[in-house]
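A closer look at the structure
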Amino acid sequence: MERVVMIVILSVIFSASQINCQEGILHITNGETDREYCIVHNHSWTPLSQTLDAAAQYPLVNMTSTDLCNASGISPEIVKGKALVVMRGECDFSQKALVAQSLGATTLLIASNKSLITPSANNSYAKVQIPLALMRYRDFLEAQQVFGEGMQVKLYAPPYSRIDPSIAVMLLISVVTVALGGFWSGACERDRLNTCVSGGGSGENKADSGELFLYSPLKVVIFVALMCGMLVLMYYFYYVLVYIIIAIFCLASATALFSCLDAVMEKMGCGTGSFTIRNSTFSVRSLILAAVCITIAVIWGVYRNEDRWIWILQDLLGIAFCLNFMKTISLSNFKICVILLSLLLVYDVFFVFITPFFTKNGVSIMVQVALGPDASGEKLPVVMRVPRFLAWAQNLCGMQFSILGYGDIIVPGLLVAYCSRFDVWINSSKKIYFLSCCIAYLLGMIMTFAVMLLTGMGQPALLYLVPFTLITSAVVAGCRGEMRQFWAGTTYEVLDSSREPLLPEGRTDRSVEGETC
């Protein structure tokens, strides 16, 4: 069952992107109070000033009782030299703009009860000489309550900066998560070996500790094939499966958060404070942690579409999920790492760049699943999100985020975790494999963000992370003369039947063929 859950979750955590829209700001004042609201415009034919001071100010005339598809019944004296707000209707935006322009209006605002869209250009727009923008009708109603009828308006569009502090925050989250997950995996391996030594070989083995294994190339291929199948199912049955994925995420992330917090408290030496009821023993610490973790997951599930603050909980649960995943899933050797990471790289590139040639709308299956068929509908909880701090206008319309898929942390993180365990197996005090792989991951992430900023397009991070981490690990092993041991990996094998670790003859569980460093 755990394998099925892991496959389902991994199948949808590799890619996502943002919607590019042309947002601006509507500044309303009455001389005493100021408010700003979201507007959406097409800057290719209605350029707006980039600053508030440079924008022209006009009195606003409320004509939301009409959609302004024609000028009948409207006196030019009422709107001449003023900004005009009308309702969105059946006629084209350009038709409304031409009518407003013929009446002498200086600006046209279209109040909409629907989702705001960027006005698209057609032949009529060449005749439009006044700014046109869409705003939310509920924002106009709020402005009416605040200002009454004496509103003065300015329209402006601050420049959109590609470089944002959120990128640095995202880089910090990803690198720290990968490093902590690898360190935790290595620490668990060291504890297991110490337990086996102190207990005369009767300590808890890895199967009993709840860890899952990928140790066979065939099983890795089947694993990736199942992920491909799950992604295709998500593409065709998104509206049903999205809620199943959300429910699985709540359960898995709450469990992962409990595991992380319990390990921290265990390291700090916090007592369990157990008590017994009807011959059943309960841990006070575990009960409190379980209640906290379940509460956090439930709060996220209830308020998951509240962008202003829920991203904090999603990132917290996501970090815990990634950490627990890297600690739980064990890759037995470097050969399995190479096969798995290479297949997932091909998987990522195929579903992002190749599938648009086969889909009806020309959108890749990966992007369609990550964004959802409806831009304003449910989203899969498979990304880290950090708000873009400098996107003032965009955040008024809807929070803009820098995002990174969980897969871009977990997939290289599994290799980092293997390197950390290998350091334990060879008794490396300097943790050379672990540290070099973490540095390679950092450099790969920097390369990903650099290419993204230079091209202005979202990048499949695995395209850079997989080569950086695999090549670096191989070079380190080759330079140290340990490639054969690094390739073969663990000192035990896992059998399908009993899942019991077996030590090859003549080797101990604290060394790899006598090699130490």
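Note that the structure is a prediction, hence the values are computed from the model and not measured.

**Looking at a nonpolar patch on the surface**
- A grouping of Phe275, Ile277, Phe282, Val284, Leu287, Ile288 and Val292 is seen on the molecular surface, where their side chains present a nonpolar patch of about 560 Å² in accessible area.
- At the level of elements, β9 (274-277) and α8 (284-302) are the ones that each hand at least two residues to the nonpolar patch.
- For the nonpolar patch, the element with the most residues is α8, which contributes 4 residues.
- Within the fold, Phe275 resides in strand β9.
- Judged by its relative accessible area of 33%, Phe275 is partly exposed.

**Things to note about the packing of helix α13 (residues 407-425) against helix α15 (residues 462-479)**
- Packing of α13 against α15 leaves a shortest axis separation of 10 Å and a crossing angle of 5 degrees. Between α13 and α15, the angle is such that the two are roughly parallel. The residues of α15 that touch α13, namely those facing Gly407, Asp408, Val411, Pro412, Leu415 and Cys419, are Leu462, Leu465, Thr469, Leu470 and Ser473.
- Across the contact of α13 with α15, the residue classes break down as 7 nonpolar, 3 polar and 1 charged.

**Description of the environment of Thr66**
- Considering the arrangement of structural elements, one finds Thr66 in the loop between β3 (58-63) and α2 (76-79).
- C-alpha of Thr66 to C-alpha of Met87: the two residues are 21 residues apart in sequence and 6.1 Å apart in space.
- Discounting chain neighbours no more than four positions away, the residues touching Thr66 are Val86 and Met87.
- A polar contact is formed between the side chain of Thr66 and the backbone nitrogen of Leu68, at a distance of 3.0 Å.

Thresholds applied
- Residues numbered from 1 in each chain as written.
- Predicted model: local features only at pLDDT ≥ 70, side-chain atom pairs only at ≥ 80, totals over all residues.
- Heavy atoms only, no water.
- Patch = residues over 30% accessible without salt bridge, like charges linked within 9 Å, V, L, I, M, F, W, Y side chains within 5 Å.
- Areas by Shrake-Rupley, 256 points an atom, 1.4 Å probe, with all protein chains shown as cover.
- Salt bridge = Lys/Arg side-chain N within 4 Å of Asp/Glu carboxyl O.
- Helix = DSSP H or I, 4+ residues; strand = E, 2+ residues; numbered from the N terminus.
- Buried < 20%, exposed > 50% of the residue type's maximum accessible area, 1.4 Å probe, protein only.
- Axes fitted to C-alpha atoms, helices over the stretch in contact; angles between N-to-C directions.
- Parallel < 35°, antiparallel > 145°, perpendicular 65-115°, else oblique.
- Contact = heavy atoms within 4.5 Å.
- Nonpolar A, V, L, I, M, F, W, Y, C, P; charged D, E, K, R; others polar.
- Polar contact = N/O pair within 3.5 Å; in protein donor to acceptor, adjacent residues only side chain to side chain.

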